[in-house]
Amino acid sequence: MDNLEQKLRSQICDIGRNLFNKDFIAANDGNISARLSENEILTTPRAVSKGYLEPYMIVKVNLQGEVLEAAEGYRPSTETKMHLRIYNELPEMNGVVHAHPPYATAFAIKGEALDKMMMPESVIMIGDIPLAEYGTPSTEEIPDSLMPFLGKKSAVLLENHGALTWGTDVMEAYLNMERLEYTAKITFITRMIDGERELPQHRIDELVALRSFYGK
């Protein structure tokens, strides 16, 4: 096993613990993946708490979802299909995270996108967060629901399900999940005090123009 693979396996485990400790997932929920090479993906196994992952548990698959390497008793997540759709459609993306962060998931259950531009950091780093149409988990329905947003967004709410984020590496994918949940939480709190309001459009345009400066 080369150094890159060791690093990615450890990083996936660290991210799993972060998701678990932040209550972004419960029990065996959620899944994380990282691109190892052009045609190799490392992904979390099914039926394992992401808070207690060990590097040897991580499964290696190809872009068609075929298992290339797995420790005995471990199989890839049943929701690997949505990860693979992103990797196949967006070769520049190298990390994907799926979780059920409570504030964001509440909006997903309500069926409402997070599309209000209220904070400079959110406008620059993640933009609006659309709602992907409901699909049955573990089927092609969820990957299909992502298609309108691939190449345009880096985070979506999954209707009645949770959230999915991706990035140029697995850490960026994870940070996008944090940003998504923070946006949902701030939206909820501001509504509680009747304070939800967007930045003026000319200010939003200024922030969008800064995205390349911040590497977005």
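Look a little higher up for the structure.
To start, this report covers the structure provided alongside it.

Cut-offs applied
Residues numbered from 1 in each chain as written. Predicted model: local features only at pLDDT ≥ 70, side-chain atom pairs only at ≥ 80, totals over all residues. Heavy atoms only, no water. Helix = DSSP H or I, 4+ residues; strand = E, 2+ residues; numbered from the N terminus. Buried < 20%, exposed > 50% of the residue type's maximum accessible area, 1.4 Å probe, protein only. Pairing = 2+ DSSP bridges. Expected span 1.5 Å × (residues − 1). Contact = heavy atoms within 4.5 Å.

### What about unusual backbone geometry?
Step number 1: The backbone of serine 138 sits at a positive phi, close to 75°, despite the residue not being glycine.
Step number 2: Its location among the elements puts serine 138 in the loop between strand E6 (131-132) and helix H5 (141-146).
Step number 3: Positioned with a positive phi, asparagine 160 is a non-glycine residue whose angle comes to about 60°.
Step number 4: Along the chain, asparagine 160 turns up in the loop between strand E7 (155-158) and strand E8 (162-167).
Step number 5: The exposure class assigned to asparagine 160 is partly exposed, which follows from its relative accessible area of 44%.

### Focus on the pairing of strand E3 (residues 59-62)
Step number 1: By the alternation rule, side chains of E3 split into Val59 and Val61 and Lys60 and Asn62, which are all buried.
Step number 2: For E3 and strand E4 (residues 67-69), the ladder comprises two bridges, and the chain directions are antiparallel. The partner of valine 61 across the bridge, within E4, is valine 67.

### Re helix H1 (residues 3-21)
Step number 1: Across its 19 residues, H1 extends 27 Å between first and last C-alpha, which sits within 8% of the 27 Å expected from 1.5 Å per residue.
Step number 2: By the burial criterion, the buried members of H1 are Glu5, Leu8, Arg9, Gln11, Ile12, Cys13, Ile15, Gly16 and Leu19.
Step number 3: Packing partners of the buried residues in H1 comprise strand E1 (31-37), strand E2 (40-43), E3, E4, strand E5 (95-99) and helix H6 (170-192).
Step number 4: Phi for aspartate 23, located one or two positions after H1, is positive at around 60°.

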